[in-house]
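Listed here are the chains, written in short residue letters.
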Amino acid sequence: MWKAYFGHGARVIGIDIDPICKAHDEVGIEIFTGSQDDPALINQIIDRYDAFDIIIDDGSHIMRHVYDSVVVFEKRPQGTRQTSITTGMGYAEQE
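Each residue is numbered by its place in its chain's sequence as written, counting from 1. Reporting in this predicted model follows two pLDDT cut-offs: at least 70 for local features of residues, and 80 or more for side-chain atom pairs to be given and counted; totals over whole chains, interfaces and linings ignore these cut-offs and use all residues. Excluding hydrogens and water, the side-chain values take into account all heavy atoms of the structure.

Any Phe, Tyr or Trp ring, taking Trp's six-membered ring, that has another such ring centre within 6.5 Å forms a pair; planes under 30 degrees apart are called stacked, those over 60 apart edge-to-face, and the others tilted. Inspection of the entire model under this criterion finds one aromatic pair. Judged by centre distance (4.9 Å) and plane angle (85 degrees), the ring pair of tyrosine 5 and phenylalanine 6 falls under edge-to-face. Burial classes follow relative accessibility: with a 1.4 Å probe on protein chains only, a residue under 20% of its type's maximum area counts as buried, one over 50% as exposed, and anything between as partly exposed. For phenylalanine 6, a relative accessible area of 39% corresponds to the partly exposed category.

With nine residues, the main nonpolar core is built from Phe32, Leu41, Ile42, Ile45, Ile46, Tyr49, Phe52, Ile55 and Val72. Going along the chain from the N terminus, every DSSP run of H or I of four or more residues is numbered as a helix, and every run of E of two or more is numbered as a strand. For this core, the leading source of residues is helix 2 (residues 39–48), giving four residues. Residues count as neighbours in contact if any of their non-hydrogen atoms are within 4.5 Å of one another. Those residues in contact with leucine 41 that sit more than four places away from it in its chain are Ile15, Phe32, Thr33, Gly34 and Ser35. Only buried residues count toward a nonpolar core, which is a set of Ala, Val, Leu, Ile, Met, Phe, Trp, Tyr and Cys residues joined through side-chain atoms within 4.5 Å.

A large share of strand 2 (residues 29–33) lies buried, amounting to four of its five residues. As paired elements, strand 1 (residues 12–16) and strand 2 share five bridges and run parallel to each other. Bridging from a neighbouring strand, glycine 14 pairs with isoleucine 31 of strand 2. Two strands form a pair only when DSSP identifies at least two bridges running between them.

Throughout this description, the term salt bridge denotes a Lys or Arg side-chain nitrogen within 4 Å of a carboxyl oxygen of Asp or Glu. Evaluation of the coordinates by the stated rule reveals four salt bridges. Linking glutamate 30 and arginine 48 is a salt bridge whose minimum nitrogen-to-oxygen distance equals 3.2 Å. Note that glutamate 30 is positioned in strand 2 and arginine 48 in helix 2, a separation of 18 residues in sequence. We note a salt bridge from arginine 64 to aspartate 37, for which the minimum N-O separation is 3.2 Å.

The quantities given are spatial measurements derived from coordinates; they are silent on function.
Below you can see the structure in the form of structure tokens.
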């Protein structure tokens, strides 16, 4: 879905706790199996990629996890924008 939305030149990196989601790996899409609540995994992804243009957080919907992800990703270089959307619990944005 995200590759179609952002275009064929997009590079999409996903995280999901369900290993079956790894089946969506293809050119331009890489899925990591794990939790956004795992700082080691998040740091592994940060170390592997230069920077992110957009980060969409539709993970666990647990506010502590959303906050922890924002804290880790805000260490990225300028230009990275993270938007965290938590269904039914409001909206938080970090620039």
